[in-house]
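# Structural overview for review
Spelled out, the chains give:
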Amino acid sequence: VNAMMGEQGFPKEAQLKLRAYMYDARSSQSAEKYKRLTAKLSPMLQGEVIFVASQPFVKQIYLFTQTGMTIHFVTQVTQQMSNTNYAASEVFGVVDTMNILKSGICLRNARCVRQGAFWGDEFLLDCVDLIDTSPAMALTFCELLQLGRSELFSVMAGFPREAVLIRKSTVRIAIRSGLRMEARAR
């Protein structure tokens, strides 16, 4: 990184930002190494490792902890999640994506969001008016797990029983979002 910045003639401020980002992104780099290592395991061991490693974050999300959800389903879903990093002061937010904050602090809807929080579960809804598309802004370096709608639906296709549970949760989310929208209107 230092060689690249020297050769490209980066200004001092940009150099400091890039070094800070690379320093903060160390845990993500480790996570990528662990992902490659896990891919070399047998399917059963992969599932166990992924399930255990994702528990601190996934257990916060009602969608995946409700009665009837199988470990195999939750493991398949967590395998579809991607790691994404944002530097302090970056604004982010992708429609049709659920976000889980692994580390850092961000601001969303005038509220501080801390490690373990999640948002975007409205990505299950078809009615665009009920989806909160508010972006977030990283106050510190933020590492997120992100799950896209299409990825979740592709996993659900192979798990009909869990798909029914997700559908019931979708109704609950629609009611919550509808009430929130009505409250804002008044």
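Before reading further, recall that the structure is shown in the block above.
Let us look at the structure shown here. Because the structure is predicted, anything quoted here is derived from the model rather than measured. (Residues numbered from 1 in each chain as written. Predicted model: local features only at pLDDT ≥ 70, side-chain atom pairs only at ≥ 80, totals over all residues. Heavy atoms only, no water.)

## Section: the layout of surface pockets
We count it as follows: Only protein atoms enter the 1 Å grid used here. Points where a 1.4 Å probe fits but cannot escape make up a cavity, open sets with protein on both sides within 12 Å along at least five of seven lines make up a pocket, and a residue lines them when an atom lies within 4 Å of a point. Grid points are joined across faces, edges and corners, and a volume is the space filled by probe spheres set on the points. In DSSP terms, a helix is any run of H or I states spanning at least four residues, a strand is any run of E spanning at least two, and both are numbered starting from the N terminus.
Estimated volume of the largest pocket: approximately 630 Å³. In this structure, the largest pocket is lined by 24 residues; those nearest its centre are A31, Y34, K35, I50 and A53. Listing elements by their share of the lining of the largest pocket, those giving two or more residues are α3 (26–39), α4 (43–58), α6 (71–80), β1 (82–86) and β8 (142–148). With nine residues, the top contributor of residues to the lining of the largest pocket is α3.

## Comments concerning the pairing of strand β3 (residues 97–103)
Put simply, the rule reads: Throughout this description, buried means an accessible area under 20% of the type-specific maximum (1.4 Å probe, protein chains only), exposed means over 50%, and partly exposed covers the range between. Two strands make a pair as long as DSSP finds a minimum of two bridges between them.
With six of seven residues buried, β3 is to be regarded as a mostly interior element. Where β3 lies against β8, six bridges are found, and the strand directions are antiparallel. Residue pairing for β8: T97 is matched across the bridge by G148. Note that β3 and strand β6 (residues 118–119) share two bridges and pair antiparallel. Residue N99 lies in a different strand from β6, and its bridge partner there is W119.

## Quick notes on the pairing of β8
Of all seven residues in β8, seven are buried, a share of seventy percent or more. Burial along β8 is two-sided: C142, L144, Q146 and G148 facing one way and E143, L145 and L147 facing the other are all buried. Examined bridge by bridge, β1 and β8 share five bridges and lie antiparallel to one another. Residue pairing for β8: Y86 is matched across the bridge by C142.

## Observations regarding unusual backbone geometry
Positioned with a positive phi, N109 is a non-glycine residue whose angle comes to about 55°. When you line up the elements, N109 lands in the loop between β4 (106–108) and β5 (111–113). Relative accessible area serves as the criterion here: at 37%, N109 is assigned to the partly exposed category. Positive phi, normally seen in glycine, also occurs at A110, with a value near 60°. A relative accessible area of 74% places A110 in the exposed class.

## Some points on the nonpolar core
Stated formally: Remark: nonpolar core denotes a set of buried residues (Ala, Val, Leu, Ile, Met, Phe, Trp, Tyr, Cys) joined through side-chain atoms within 4.5 Å. Residues are treated as being in contact if the distance between any of their heavy atoms lies within 4.5 Å.
Membership of the largest hydrophobic core comes to 27 residues, with the highest contact counts inside it found for F64, F73 and L152. Put simply, the parts of the chain that give this core at least two residues each are α4, α5 (62–65), α6, β3, β8, α7 (149–156) and α8 (160–185). If we skip the residues at most four places from it in the chain, L152 touches F64, F73, V77, F123, L124 and L147. Formed by ten residues, the second largest nonpolar core is a distinct cluster that contains L101, W119, A138 and C142.

## Notes on the pattern of salt bridges
Applicable threshold: By definition, a salt bridge exists where a carboxyl oxygen of Asp or Glu is found within 4 Å of a side-chain nitrogen of Lys or Arg.
A full pass over the atoms with the stated rule returns eight salt bridges. The salt bridge partner of R176 is D121, with a shortest N-O separation of 2.8 Å. Here the residue R176 occupies a position in helix α8, and D121 occupies one in the loop between β6 and β7 (136–138), the gap between them amounting to 55 residues. The exposure class of R176 is partly exposed, given its relative accessible area of 31%. The shortest N-O distance in the salt bridge between R149 and D126 comes to 2.6 Å. With R149 in helix α7 and D126 in the loop between β6 and β7, the pair connects residues that are 23 residues apart, well separated along the chain. Residue classification places R149 among the buried residues on the basis of a relative accessible area of 18%. A residue is classified by how much of its surface remains accessible, and D126, at 66% relative accessible area, is exposed. One network of salt bridges, in which partners are shared, links D121, E122, R176 and R180.

## Thoughts on the packing of α4 against α6
The following threshold applies: Inter-axis angles, ranging from 0 to 180 degrees, are taken between N-to-C directions of lines fitted to C-alpha atoms, where helices are fitted over the stretch in contact. Angles below 35 degrees are treated as roughly parallel, those above 145 as roughly antiparallel, those between 65 and 115 as roughly perpendicular, and all remaining angles as oblique. Three categories are distinguished: nonpolar for Ala, Val, Leu, Ile, Met, Phe, Trp, Tyr, Cys and Pro, charged for Asp, Glu, Lys and Arg, and polar for the others, with Gly belonging to the last.
Where α4 contacts α6, the axes come no closer than 9 Å and their chain directions differ by 80°. Taken together, the axes of α4 and α6 lie roughly perpendicular to each other. Contact residues: α4 offers Q46, G47, I50, F51, S54 and V58, while α6 offers I71, V74, T75, T78 and Q79. Tallied by class, residues from the contact of α4 with α6 come to five nonpolar, six polar and no charged.

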